[in-house]
Amino acid sequence: MVRARKRTVAFAFDIDGVLMKGTKPLPGAREAIQELQRRNIPFVFLTNGGGLTEEAHVAKLGQRLDLVLDTKQFIQSHTPFHDLVPEYGNKTILALGGHGQQIRDLAQAYGFKKVVTSSDIMKGCAHIHPFPEMTRAHHDEHGRRCSSSDDGSAPSFTSGSNDGTGTQIAAILVWTSPRDWCLDLQLVGDLLLSSGGRIGTRSPKNGDSALPNNGYLQDGQPRLFFCNPDFEWCTEHEHPRFAQGAFREALRGIWDFATRGLAKLEYTVIGKPTDGTYVYAEKALRRCAEDLNPAREIGTVYMVGDNPESDIIGANSFQSRYGFTWKSVLVETGIHVAGSVPAHQPYHMAKDVKEAVEWALNKEGVGTKGITGCIAT
């Protein structure tokens, strides 16, 4: 007879507004994580942040919290982009977000071999930016001018021609919040109206009412992927700042105007609160629980977050693939303001992450008697 394994509680933590505010740890964050480490309770970090490899990001977080953390417990907004490598790994992609070579290096680390950035395209198409005065120096420094190639082995971009000889961009991946919105909105718009994803072209099918979507996005244009639905995020500023979701909404408005409202903008979004991100989190939690104690299995997962539009609705609506019970805990140290009514009701509300962990452990019968400075394992 097979004996049932003992149940354990588990946690998923957002980072910005829960553990960190900008570059500074929030009160009680280190102590809360230490308590879970001391008790061998499985947890993961589930963030809509990104811009670095998982290894680099977890090292930065560990340094700021003065803790030893495991990369396997870290799920960023763009971690599911790994699943796109089999389809696009050998095709040219446009990688947006970040600055300098940050996103190019990240995409290549994931396995995408042919990565171009908006700086590269600006370097090859001098007049593609409608208002380059403030950002030209950055693009000149970081853009890579590519030699012409017909086989796609080295990207080439030509502006003002419609001969289809330029490099075909197969997908646009937005890895983190774009910095030069003016250029990036222009490029995405150009590519979605192009013929075959080639800069400088316009599809003759655009506006053809005999075709699906009135002819828009019917001519081999690149697929568009976003990895962070958040409209705002919590920084050290007194009010939340625009995030990748705001860029997406700006693009939707531009697209609606450019197509006279005749065409739907087609794109894929991952990151919280989308289902796929929570699937990734469950897999990571199962691995973590197995590593800590193979005799236990997860019963309840507490999602601790500050954003009702991502953390709370995501946990509330997710259907576990492994029979876990997900419960949301909303803290008041980030997007959600104490005393206000959240758009989506959490299972529980707490002042901060330390109080959230104490409450959850006590509810699960793992009393803490108040978390203090614990010794990390």
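Right above here is the structure, for reference.
Residues numbered from 1 in each chain as written. Predicted model: local features only at pLDDT ≥ 70, side-chain atom pairs only at ≥ 80, totals over all residues. Heavy atoms only, no water.

### A closer look at the packing of aromatic side chains
Note the threshold: What counts as a ring pair is set by centres within 6.5 Å for rings of Phe, Tyr and Trp (its six-membered ring), and what kind of pair is set by the plane angle: stacked under 30 degrees, edge-to-face over 60, tilted for all other angles. In this description a helix means any DSSP run of H or I spanning at least four residues, a strand means any run of E spanning at least two, and both kinds are numbered starting from the N terminus. Definition used: whenever NZ (Lys) or CZ (Arg) falls within 6 Å of the ring centre and also within 35 degrees of the ring normal, the charge is taken to sit over that ring.
Scanning the model with the defined rule gives 20 aromatic pairs in all. With a centroid separation of 4.9 Å and an interplanar angle of 80°, the aromatic rings of phenylalanine 81 and tryptophan 175 are classed as edge-to-face. Linking phenylalanine 81 in the loop between strand S5 (74-75) and helix H3 (85-88) with tryptophan 175 in the loop between strand S8 (171-174) and helix H7 (181-192), this pair joins segments that are 94 residues apart in sequence. Ring centres of tyrosine 216 and tryptophan 255 lie 5.9 Å apart, and the angle between their planes is 75°; on these two criteria the pair is classed as edge-to-face. A residue pair is termed long-range when its members are at least 10 positions apart, and tyrosine 216 in the loop between H7 and strand S9 (223-226) and tryptophan 255 in helix H8 (residues 244-258) qualify at 39 residues. What links up through ring pairs into an aromatic cluster is the set Phe11, Phe13, Phe43, Phe45, Phe74, Tyr302, Tyr347 and Trp359. Taking NZ or CZ as reference, arginine 286 lies 4.1 Å from the ring centre of tyrosine 322, over its face.

### Description of the side chain of asparagine 48
Test applied: Polar contact is defined as a pair of N or O atoms within 3.5 Å, subject to the rule that within protein one atom must be able to donate a hydrogen and the other to accept it, and that residues adjacent in sequence are counted only when both atoms are side-chain atoms. In this description, contact between two residues means that some pair of their heavy atoms is separated by no more than 4.5 Å.
Within the fold, asparagine 48 resides in the loop between strand S4 (43-46) and helix H2 (54-65). Side-chain polar atoms of asparagine 48 contact the side chain of aspartate 230, separated by 3.1 Å. In this structure the side chain of asparagine 48 is engaged in a polar contact, spanning 2.8 Å, whose partner is the backbone nitrogen of lysine 272. Not counting the four nearest positions on each side in its chain, asparagine 48 is found in contact with Asp14, Ser77, Cys227, Asn228, Pro229, Asp230, Gly271, Lys272 and Ser310.

### Describing the layout of surface pockets
For the record, the criterion: Note on definitions: the grid is 1 Å and covers protein atoms alone; a cavity is a set of points where a 1.4 Å probe fits but cannot get out; a pocket is an open set with protein on both sides within 12 Å along at least five of seven lines; lining residues have an atom within 4 Å of a point. Grid points are joined across faces, edges and corners, and a volume is the space filled by probe spheres set on the points. Each residue gets one label: Ala, Val, Leu, Ile, Met, Phe, Trp, Tyr, Cys and Pro are nonpolar, Asp, Glu, Lys and Arg are charged, and the others, such as Gly, are polar.
Counted as a void, the largest pocket has a volume near 780 Å³. Along the wall of the largest pocket there are 41 residues; nearest its centre are Asp16, Gly49, Gly50, Thr176 and Trp233. Looking at the lining of the largest pocket, the elements that each hand over two or more residues are H2, strand S10 (232-233) and helix H10 (308-317). When the residues that make up the lining of the largest pocket are grouped by side-chain class, the tally is twelve nonpolar, 18 polar and eleven charged. Considered as a void within the structure, the second largest pocket measures approximately 250 Å³ in volume. If you go around the second largest pocket, you meet 16 residues; those closest to its centre are Phe43, Asp70, Gln73, Cys288 and Leu292. Elements supplying a minimum of two residues to the lining of the second largest pocket: helix H1 (29-38) and helix H9 (275-292).

### Concerning the packing of H1 against helix H11 (residues 353-363)
Here is the rule: Comment: axis = line fitted to C-alpha atoms, over the contacting stretch for helices; angle = value between 0 and 180 degrees taken between N-to-C directions. Under this scheme an angle from 65 to 115 degrees is roughly perpendicular, one under 35 degrees roughly parallel, and one over 145 degrees roughly antiparallel; angles in between are oblique.
As a packed pair, H1 and H11 sit with axes 8 Å apart at the nearest point and diverge in direction by 30°. Of the possible angle classes, the one that applies to H1 and H11 is roughly parallel. Contact residues: Ala29, Ala32, Glu35 and Leu36 in H1; Val353, Lys354, Val357 and Leu361 in H11. Residues that form the contact of H1 with H11 fall into these classes: six nonpolar, no polar and two charged.

### Quick word on the pairing of S9
As a reminder, the rule being used: In this analysis, strands are considered paired if DSSP registers two or more bridges between them.
With four bridges connecting them, S8 and S9 associate as parallel partners. What sits directly across from valine 174, in S9, is phenylalanine 226. The pairing of S9 with strand S12 (residues 268-269) spans two bridges and is classified as parallel. The partner of phenylalanine 225 across the bridge, within S12, is threonine 268.

### Re the state of the cysteines
Short version of the rule: Whenever a pair of cysteine sulfur atoms sits within 2.5 Å, that pair is classed as a disulfide.
In the structure shown here, the tally under the stated rule is zero disulfides. Free of any disulfide, cysteine 234 has its nearest neighbouring cysteine sulfur in cysteine 227, separated by 19 Å.

### Focus on the nonpolar core
Formally: The term nonpolar core refers to a set of buried residues drawn from Ala, Val, Leu, Ile, Met, Phe, Trp, Tyr and Cys, joined through side-chain atoms within 4.5 Å. Relative accessibility decides the category of a residue: with a 1.4 Å probe and only protein chains considered, values under 20% of the type maximum give buried, values over 50% give exposed, and everything between is partly exposed.
The biggest cluster of nonpolar side chains holds 30 residues, and the ones touching the most others in it are Phe11, Phe13, Leu19, Phe45, Val304 and Val353. Of all elements in the fold, only strand S1 (6-13), H1, S4, H2, strand S13 (296-305), strand S14 (325-331) and H11 reach the threshold of two or more residues within this core. Of the residues forming this core, the biggest block, five residues, is contributed by H11. Beyond its immediate sequence surroundings of up to four residues, phenylalanine 11 is in contact with Leu36, Ile41, Pro42, Phe43, Val44, Leu285, Val301, Tyr302, Val304, Val357, Ala360 and Leu361. Counting 27 residues, the second largest nonpolar core, distinct from the first, contains Met122, Ile169, Leu183 and Ala263.

### Side note on H8
Where we set the bar: Helix span, as expected, comes to 1.5 Å for every residue beyond the first.
The terminal C-alpha atoms of H8 lie 21 Å apart, and with 15 residues this matches the ideal 21 Å at 1.5 Å per residue to within 8%. All of the buried residues in H8 are Gln244, Gly245, Ala246, Phe247, Arg248, Leu251 and Trp255. As for H8, its buried residues are in contact with S8, H7, S9, strand S11 (241-242) and S12. Note on H8: the residue one or two positions beyond its end, arginine 260, has a positive phi of about 55°.

### Details of the sheet that holds S14
Read from one edge of the open sheet, six strands run S5-S4-S1-S13-S14-S15, paired in parallel fashion. For this open sheet the edge positions go to S5 and strand S15 (348-350), each flanked by a neighbour on one side alone. Sheet topology places S1 next to S4; three bridges connect them, and they run parallel. In the sheet register, alanine 12 faces S4, and the bridge partner there is valine 44. Along the sheet, H1 makes contact with S1 and S4, crossing S4 at roughly 145°.

### Concerning the packing of H7 against H8
Stated formally: Crossing handedness follows the turn of the near helix against the far one: under a right angle anticlockwise gives a left-handed crossing, and clockwise gives a right-handed one.
Two elements in contact, H7 and H8, have axes separated by 11 Å at closest approach and are oriented at 50°. The orientation of H7 relative to H8 falls into the category oblique. Considering how the two elements wind past one another, H7 and H8 form a crossing that is right-handed. In this structure, H7 contributes Trp181, Asp184, Leu185, Val188 and Leu192 to the contact, and H8 contributes Ala246, Phe247, Ala250, Leu251, Ile254 and Trp255. A per-class count over the contact of H7 with H8 returns ten nonpolar, no polar and one charged.

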